[in-house]
Amino acid sequence: MFEEIYSPVQKITFAPFNNLFVKRDDLIDPYISGNKWRKLKYILAKAKADCKTHLVTFGGAYSNHLVATAAAASRSGLAATAFVRGEEVKNEMLLLCSLFGMELIFTNRESYRDKQQLFDQYFASDAQAYFINEGGASIEATIGCAEVIEELVEPYDHIFCAAGTGTTAAGLLKGIQQYGLNTKLHIIPVLKGATFIKEEITKYTPISDHLELHLDYHFGGYAKTTPELISFIKSFTAKTGLLLDPVYTAKMFYAIQDLQQQGIIGTEEKILAIHTGGLMGLFGMRDKF
Ligand SMILES: *Cc1c(COP(=O)(O)O)cnc(C)c1O
């Protein structure tokens, strides 16, 4: 299932940019969306190499990572269990998880904090169980994400990507360093006060001056939106034909536009935005539109 992918780079028409390109990782798969596919690639390879047949992971009730893990597990003939943060709820994301055969264990916020403890409590005696951290954060995930850079056939002045945990950002930075590119990596954390991102990236690769963090595009915090962000999504999609999710990719494209308006990036510079997928998050937020 990880053999062939379709993730073209497309130029988009979005005034006043003349060299704005998008890496369409959102096209890789409808359920194993974008960067979650990148992150799971080597996690699953490691699980298989270790003869594990049961993936155990963690996430919120709207987690793209849970749907991706559920879909990837079922296609690879593996079992999957997820500890879902908070009390039992029903939504379209968890419905997909269940359809892909994932077992869901709703866990109160207190117990959810210690993931290793939860894993040990339920699966200590299960030699087949494989621990996957929340969001897939791991060295394997960064190796998969670095392949985005490997796939590029042209150089870019700037690469943009949204960040939650920062694992994808670490992988991209690693790729840029490995290939000795002269590219600025702009990371847009979607959480408020995400100073932890730097620390997270340092776990996997040294911070270099390729990296630029933009901490002011969180719009109030994780999964928070403002009327301005929603109207940006509407006009962006109407102009470009590209769908954005309000949690991640909308905040990234908003930042690109805003940095251009501030004169920090130029309209002729070659810019690559990584579309990390996650479009199902749009439907969970339909009331905002
Ligand atoms: C999970 C996710 C991210 C964030 O990835 P991290 O590696 O956690 O920083 C970005 N975009 C989308 C669409 C996602 O689903």
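Residues numbered from 1 in each chain as written. Predicted model: local features only at pLDDT ≥ 70, side-chain atom pairs only at ≥ 80, totals over all residues. Heavy atoms only, no water.

Thoughts on the pattern of salt bridges
So, step 1. Enumeration over the complete set of coordinates arrives at 14 salt bridges.
So, step 2. Among the salt bridges present, the one from glutamate 134 reaches arginine 85, with a minimum N-O distance of 3.6 Å. Pair noted here: glutamate 134 is in the loop between β6 (129-131) and α6 (139-150) and arginine 85 is in strand β4 (residues 79-85), with a separation of 49 residues, a long-range link.
So, step 3. Within the structure, one salt-bridge network assembled from shared partners comprises Lys23, Asp25, Arg38 and Glu151. (Salt bridge = Lys/Arg side-chain N within 4 Å of Asp/Glu carboxyl O. Helix = DSSP H or I, 4+ residues; strand = E, 2+ residues; numbered from the N terminus.)

Looking at the site of the ligand
So, step 1. Inspection of the region around the ligand gives 14 residues, with Lys36, Lys39, Thr165, Thr168 and Thr276 positioned closest.
So, step 2. Here an oxygen atom of the ligand and a side-chain polar atom of lysine 39 are 2.7 Å apart.
So, step 3. Between the ligand and glycine 164, the relevant distance is 2.7 Å, taken from an oxygen atom to a main-chain nitrogen or oxygen of the residue.
So, step 4. For the ligand, whose unbound accessible area comes to 390 Å², protein coverage reaches 97%.
So, step 5. Here the ligand occupies the largest pocket.
So, step 6. Of all the secondary-structure elements, those providing two or more residues to the shell around the ligand are α1 (35-49) and α7 (167-178).
So, step 7. Looking at which element gives the most residues to the shell around the ligand, the answer is α1, with three residues.
So, step 8. Looking at the shell around the ligand residue by residue, the class counts come to two nonpolar, 10 polar and two charged. (Near = heavy atom within 4 Å. Polar contact = N/O pair within 3.5 Å; in protein donor to acceptor, adjacent residues only side chain to side chain. Areas by Shrake-Rupley, 256 points an atom, 1.4 Å probe, with all protein chains shown as cover. 1 Å grid on protein atoms, 1.4 Å probe; cavity = no way out; pocket = protein on both sides within 12 Å on 5 of 7 lines; lining within 4 Å. Sits in = over half its atoms within 2 Å of the grid points. Nonpolar A, V, L, I, M, F, W, Y, C, P; charged D, E, K, R; others polar.)

Observations concerning the packing of α1 against α6
So, step 1. It is at 6 Å that the axes of α1 and α6 come closest, and there the two elements cross at 135 degrees. Between α1 and α6, the crossing angle belongs to the class labelled oblique. Two packed elements cross with a definite hand, and for α1 against α6 that hand is right-handed. Of the residues in α6, those touching α1 at Arg38, Lys39, Lys41, Tyr42, Ile43 and Lys46 are Glu140, Ala141, Ile143, Gly144, Cys145, Glu147 and Val148.
So, step 2. Among the residues forming the contact of α1 with α6, the class breakdown is six nonpolar, one polar and six charged. (Axes fitted to C-alpha atoms, helices over the stretch in contact; angles between N-to-C directions. Parallel < 35°, antiparallel > 145°, perpendicular 65-115°, else oblique. Left-handed = near helix turned anticlockwise from the far one by under 90°. Contact = heavy atoms within 4.5 Å.)

Observations concerning the nonpolar core
Proteins that are soluble and globular tend to have nonpolar side chains buried together.
So, step 1. One finds Ile12, Phe160, Phe236, Met252, Phe253 and Ile256 to be the most contacted residues of the largest nonpolar core, which totals 30 residues.
So, step 2. Of all the secondary structure elements, the ones that give two or more residues to this core are β2 (20-23), β7 (158-163), α9 (227-240), α10 (249-261) and β10 (271-274).
So, step 3. With seven residues, α10 is the single largest residue contributor to this core.
So, step 4. Those residues in contact with isoleucine 256 that sit more than four places away from it in its chain are Phe17, Phe160, Ile265 and Ala273.
So, step 5. One finds Ile28, Leu40, Leu94 and Cys97 within the second-largest nonpolar core, a separate group that totals 29 residues. (Core = buried A, V, L, I, M, F, W, Y, C linked by side-chain atoms within 4.5 Å. Buried < 20%, exposed > 50% of the residue type's maximum accessible area, 1.4 Å probe, protein only.)

Side note on the side chain of threonine 249
So, step 1. Considering the arrangement of structural elements, one finds threonine 249 in helix α10.
So, step 2. A residue is classified by how much of its surface remains accessible, and threonine 249, at 0% relative accessible area, is buried.
So, step 3. Residues in contact with threonine 249, not counting those within four places in the same chain, are Leu244, His275, Thr276 and Gly277.

Details of the domain arrangement of the protein
So, step 1. As assigned here, the protein comprises domain 1 (9-31 + 139-288) and domain 2 (37-136).
So, step 2. Taking the mean C-alpha position of each, domain 1 and domain 2 sit 25 Å from one another.
So, step 3. The interface of domain 1 with domain 2 comprises 22 residues on the first partner and 19 residues on the second.
So, step 4. In total, domain 1 and domain 2 occlude about 1,700 Å² of area from one another, counting both sides; carbon and sulfur atoms represent 58% of this.
So, step 5. The largest per-residue losses of area from domain 1 upon contact with domain 2 belong to Tyr31, Glu140 and Met280, which jointly make up 33% of the total buried on that side.
So, step 6. Viewed at the interface, domain 2 and domain 1 are joined by five salt bridges.
So, step 7. Note that lysine 41 and glutamate 147 form a salt bridge whose closest N and O atoms lie 2.7 Å from each other.
So, step 8. In this structure, the connection of domain 1 to domain 2 is made through six residue pairs in polar contact (both at pLDDT 80 or more).
So, step 9. Every element with two or more residues in the side of domain 1 that touches domain 2 is listed here: α6, α7 and α11 (281-284).
So, step 10. Looking at the side of domain 1 that touches domain 2, the element that brings in the most residues is α6, giving seven residues.
So, step 11. Of the residues belonging to the side of domain 1 that touches domain 2, the class tally is nine nonpolar, six polar and seven charged. (Domains from an automatic or database assignment. Buried area = accessible area lost by both parts, 1.4 Å probe.)

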